[in-house]
There are 2 protein chains.
Amino acid sequence: MSAMEKIAIIEDDPGIRTVLRLAVRGFATVCEAERGDEALALVVRERPSLVLLDLMLPGLDGLEVCREIRRTPSVASTPIIMLTAKSAEEDIVRGLEMGADDYITKPFSKAVLIARIKAVLRRPASAQGPVRLLSGLTVDEASRTAAVDGHPLALTRSEFDLLAVLVARPGRVYTRPQILAHVQGEEKDVTERTVDTLMVGLRRKLGEWAAHVETIRGIGYRLTP
Amino acid sequence: MSAMEKIAIIEDDPGIRTVLRLAVRGFATVCEAERGDEALALVVRERPSLVLLDLMLPGLDGLEVCREIRRTPSVASTPIIMLTAKSAEEDIVRGLEMGADDYITKPFSKAVLIARIKAVLRRPASAQGPVRLLSGLTVDEASRTAAVDGHPLALTRSEFDLLAVLVARPGRVYTRPQILAHVQGEEKDVTERTVDTLMVGLRRKLGEWAAHVETIRGIGYRLTP
DNA sequence: GTTTCTTTGTCAGGATTGTGTCAGGAAAAT
DNA sequence: ATTTTCCTGACACAATCCTGACAAAGAAAC
């Protein structure tokens, strides 16, 4: 994070906007929109490195905004952090399904906010080259190869895609429907439990690295860096 | 960027065309069209390494031109930079969705223009001269000959093109549609399985080198270095 | 602490899909 | 006209995937 990052704030409450703006001052510039239907245009124009997205918005619902961003190729990979009321757990799950990277429940402390933001920004920006994780896991999308400590893994197509999804954003939780959507390009109307079965094979082949693949009970799976 | 690049300019305003032509002089030659319905033919004929595409065109809309190019396999991967009025945000979004690589809003400065162009061009340099791989495979695009341990191979046109694609990026996985797009310059609406059949012939002629041609089940093929 | 309910791990077979291969005819090159 | 190359369709075989069932592990209720 050598240069200044740019963060887009989509939030209708001026008070919260100010809080956010002040919180990130020091390591990021901001651009703002207060209506959901202005959000996509703002993101396309400004190409922020992160989007803070309130779920309760006038004009267009936050979840819809999230989906729009993910469907627009030029900005589809922009990280999104949702801001949501503590109670709306259902929205959280749906938001994650829709491709949000993380969520923060209101009210939030400045410390938590900054920590989450930095955690998201600190990720390798969707680079093309091979992704390398600490403990020696290497995943290369171009050659579709994966290796642990230089030792290549014989993964099936689905297993590789599964691993690729998790590796794309280490630490982020993926729900089963979300994983299925990535693993089988099209909808094929498949039981969610299929993911578990795939995970068995993947974990087996990962050997001791399998310990990094965490099950988040009630939600899905994630990779711990 | 060792050699001179070729840039296609699709723009109806003669004044802007001149500005563009002068701006890129020094590192690129140009070919031009003023009508949208001439654009695809120009691109197919000239095979430019970049297309500058105005969105407001007589004959055929710029967005349509963009889509046509992306749908024509032989030139589908040509980078496209859109030229658009600042206000037309909707068009920008749709253009990016349609596969454009970048956009520049009018009026633009010469510096921005050149920076964007060079950024786009500065990618996969298709190297020239014979390519040599470790185990003794030699592929020379110029003379269209290939040899294993100095022993020339009698490849058909398609077989050579197929090998050339794989050799261009050893290790990278190519899907069948991708391979077809390269092997048959024009779109010919051919079954994907044709690639398999070609691969049979290629592998046979490669002899023991065939072991380096890997099948990635469910995806395509790849060369192992 | 025990019971009950939900969620996940695991496995084995059957269904599905992908690939190697070939032969024959169309298309192109000579 | 002859030869070469290309494409299609079919078949067999193999890899992989999905389902359904049960066991195990947590979480919640009592």
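Above this text sits the structure in question.
Residues numbered from 1 in each chain as written. Chains lettered and ligands numbered in written order. Predicted model: local features only at pLDDT ≥ 70, side-chain atom pairs only at ≥ 80, totals over all residues. Heavy atoms only, no water.

A closer look at the sheet that holds strand β11 (residues 213–216) of chain A
Residue and element names in this part refer to chain A.
- If you walk across this open sheet you meet the three strands as β10-β12-β11, and the pairing is antiparallel. A single partner strand is all that each edge strand has here, and the edge strands are β10 (174–175) and β11.
- Relative to strand β12 (residues 220–223), β10 runs antiparallel, the two sharing two bridges. Within β12, the residue paired with Thr175 across the bridge is Gly220. (Pairing = 2+ DSSP bridges. Helix = DSSP H or I, 4+ residues; strand = E, 2+ residues; numbered from the N terminus.)

Looking at the environment of Val165 of chain A
Residues and elements named next belong to chain A.
- Take Val165: it is sitting in helix α6 (residues 157–168).
- Given a relative accessible area of 8%, Val165 falls into the buried group.
- For the pair Val165 and Leu180, spaced 15 residues apart in the sequence, the C-alpha separation amounts to 10.0 Å.
- Excluding anything up to four places from it in sequence, Val165 contacts Tyr174 and His182. (Buried < 20%, exposed > 50% of the residue type's maximum accessible area, 1.4 Å probe, protein only. Contact = heavy atoms within 4.5 Å.)

What to know about the packing of aromatic side chains
- Across all of its chains, the model carries zero aromatic pairs over all chains by this definition.
- Looking at Arg172 of chain B, its charged tip hangs above the ring of Tyr174 of chain B, at a distance of 5.1 Å from the centre. (Phe/Tyr/Trp six-rings, centres within 6.5 Å; stacked < 30°, edge-to-face > 60°. Lys NZ or Arg CZ within 6 Å of the ring centre and 35° of its normal.)

Here's the deal with the protein's contact with DNA strand C
- As a matter of local geometry, DNA strand C sits amid 25 residues, with Arg203, Arg204 and Tyr221 of chain A together with Thr215 and Tyr221 of chain B nearest to it.
- Arg193 of chain A is positioned such that a nitrogen or oxygen atom in its side chain is 2.8 Å from a base nitrogen of DNA strand C.
- Arg204 of chain A is positioned such that a nitrogen or oxygen atom in its side chain is 2.5 Å from a phosphate oxygen of DNA strand C.
- Grouping the constituent residues of the surface near DNA strand C by class yields six nonpolar, six polar and 13 charged. (Near = heavy atom within 4 Å. Polar contact = N/O pair within 3.5 Å; in protein donor to acceptor, adjacent residues only side chain to side chain. Nonpolar A, V, L, I, M, F, W, Y, C, P; charged D, E, K, R; others polar.)

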